[in-house]
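Examining the three-dimensional arrangement
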Amino acid sequence: MCIRDRNDYNLNIPRYVDTFEEDEPVDLKAITTELLGLESKMAETEATISMLCNELNLSLPDGFNISLLQAFKKGCMQQLFSQDIRFKNENGQAFPDWEQIRLGDVAQFSRGKGISKANIAKNGENFCIRYGELYTEYKEYIKAVVSKTDTPLKGAVLSTTNDVLMPTSDVTPSGLATASALSIPGIILGGDILIIRSKRILNRYLAHYVSAHKNDIMRLVTGVTVYHIYGKDMASLQICLPHIDEQRKIADFLSALDTKIDLIAQDFSQTPKNNEI
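Please read all numbers here as calculations on a predicted model, not as lab measurements.

Further remarks concern helix α2 (residues 28–56). A rise of 1.5 Å per residue sets the reference length of α2, with its 29 residues, at 42 Å; its end C-alpha atoms lie 42 Å apart and thus fit the reference within 8%. Two or three places before Lys-29, at the opening of α2, Asp-27 has a side-chain oxygen 3.3 Å from that residue's backbone nitrogen.

A word on the packing of aromatic side chains. Per the counting criterion, the structure on display carries five aromatic pairs. Relative to Tyr-209, the ring of Phe-81 lies with its centre 5.3 Å away and its plane at 80°, an arrangement referred to as edge-to-face. Here Phe-81 is found in helix α3 (residues 66–81), whereas its partner Tyr-209 is found in helix α5 (residues 203–212), with 128 residues between them in sequence. The buried category is assigned to Phe-81, whose relative accessible area is 7%.

Position of Ile-229 relative to the elements: it lies in the loop between β12 (227–228) and α7 (231–235). For the pair Ile-229 and Pro-167, spaced 62 residues apart in the sequence, the C-alpha separation amounts to 7.9 Å. Non-local contacts of Ile-229, meaning those with residues more than four positions away in its chain, are made with Pro-167, Thr-168, Leu-176, Ile-217, Leu-220, Val-221 and Met-234.

Here we come to the sheet that holds strand β5 (residues 147–149). The strand order across the open sheet formed by three strands is β5-β3-β9, and the pairing between neighbours is mixed. Either end of the sheet is taken by a strand with one partner, and the two such strands are β5 and β9 (188–189).

A few words on the pairing of strand β6 (residues 163–167). In the case of a regular strand, side chains alternate between the two sheet surfaces. Within β6, five of the five residues are buried, leaving the element largely enclosed by the surrounding structure. The side-chain alternation of β6 yields two buried faces, one formed by Asp-163, Leu-165 and Pro-167 and the other by Val-164 and Met-166. Note that β6 and strand β8 (residues 180–182) share three bridges and pair antiparallel. Counted as the bridge partner of Asp-163 is Leu-182 from β8. Here β6 pairs with strand β10 (residues 193–197) via five bridges, running antiparallel.

Relative to the helices and strands, Ser-198 is located in the loop between β10 and α5. Of the polar contacts made by the side chain of Ser-198, one reaches the backbone oxygen of Val-106; its length is 2.5 Å. Within the local environment of Ser-198, its side chain forms a polar contact with the backbone nitrogen of Arg-200, the two atoms lying 3.1 Å apart. In contact with Ser-198, other than residues within four places in its own chain, are Val-106, Ala-107, Gln-108 and Asn-162.

Next up on the list: α5. An α-helical turn contains 3.6 residues, so any two residues separated by three or four positions project in the same direction. Of all the 10 residues making up α5, eight are buried; the element is thus mostly covered by neighbouring parts of the structure. Among all positions in α5, only Asn-203, Arg-204, Tyr-205, Leu-206, Ala-207, His-208, Tyr-209 and Val-210 are buried.

A few words now on the pattern of salt bridges. Overall, the coordinates contain 14 salt bridges when judged by the stated rule. Residue Asp-233 pairs with Lys-232 through a salt bridge whose shortest N-O separation is 3.4 Å. Asp-233 sits in the buried class, given a relative accessible area of 10%. Using a relative accessible area of 63% as the deciding quantity, one classes Lys-232 as exposed.

For the rest of this paragraph, the subject is unusual backbone geometry. Leaving glycine out, the prevailing phi sign among residues is negative, and the prevailing peptide bond configuration is trans. The phi torsion at Asn-57 lies on the positive side, around 60°, for a residue other than glycine. Relative to the elements of secondary structure, Asn-57 occurs in the loop between α2 and α3. Notably, Asp-192 is not glycine yet its phi reads approximately 65°, a positive angle. As for its position among the elements, Asp-192 is in the loop between β9 and β10. What makes Asp-192 partly exposed here is its relative accessible area of 27%.

Conventions used here
Residues numbered from 1 in each chain as written. Predicted model: local features only at pLDDT ≥ 70, side-chain atom pairs only at ≥ 80, totals over all residues. Heavy atoms only, no water. Helix = DSSP H or I, 4+ residues; strand = E, 2+ residues; numbered from the N terminus. Expected span 1.5 Å × (residues − 1). Polar contact = N/O pair within 3.5 Å; in protein donor to acceptor, adjacent residues only side chain to side chain. Phe/Tyr/Trp six-rings, centres within 6.5 Å; stacked < 30°, edge-to-face > 60°. Buried < 20%, exposed > 50% of the residue type's maximum accessible area, 1.4 Å probe, protein only. Contact = heavy atoms within 4.5 Å. Pairing = 2+ DSSP bridges. Salt bridge = Lys/Arg side-chain N within 4 Å of Asp/Glu carboxyl O.

Printed below as a string of structure tokens:
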């Protein structure tokens, strides 16, 4: 009797041929090492948060609820940038008063140069950032670059050590009210990326400032179907600028909160769900 006859004329091939691949073996040692690394990084991050919270007379944000931690960070941004709470200098004294300045008076603006999706190469020679990745891959601080290209460095627009990157076009105004600090030099920066550089403003401070003042940024956006923001628009932005050391403390604090949130999310992604045990 043939296979067809034995199975009531059902020729659904997967019924007779095993087409499923076996799971790859899990490297328990590698997983354990990574989890220990996360634990060590979390302890270091918690220590930074604790020290800076103590200076601000804030309660320590314990726990692992990401939504609540994000709300805590938002509240801290509101109070820090409104100057309701302030850091002190190394001698425990108040920093100088903040300056109200026009961004164009202390920053320079330029644009990246086209890197298309076709130019992305998994094993490319050079790291690069495309403007769309500012929405999908990066937050206020770019710690590592995810894309590579074989596009040569010669003729490309390269990052320096204190850059702020913003997308210049989007289908919604709110999408343009985002900024990412990049401190890694030599990264190829693609087209439709606005590059902001300043000797007086720490890039991480400015990226967080933009995030906390989205409504102010959206007022600078132009366009109807596709919205744009350019260097001349951002140049008109009025910002409050603290002493560079206070900028650094604000950036360190908010970045540490971001790191804690990211580590919790990463830890959860490594931990088996209840139904997987």
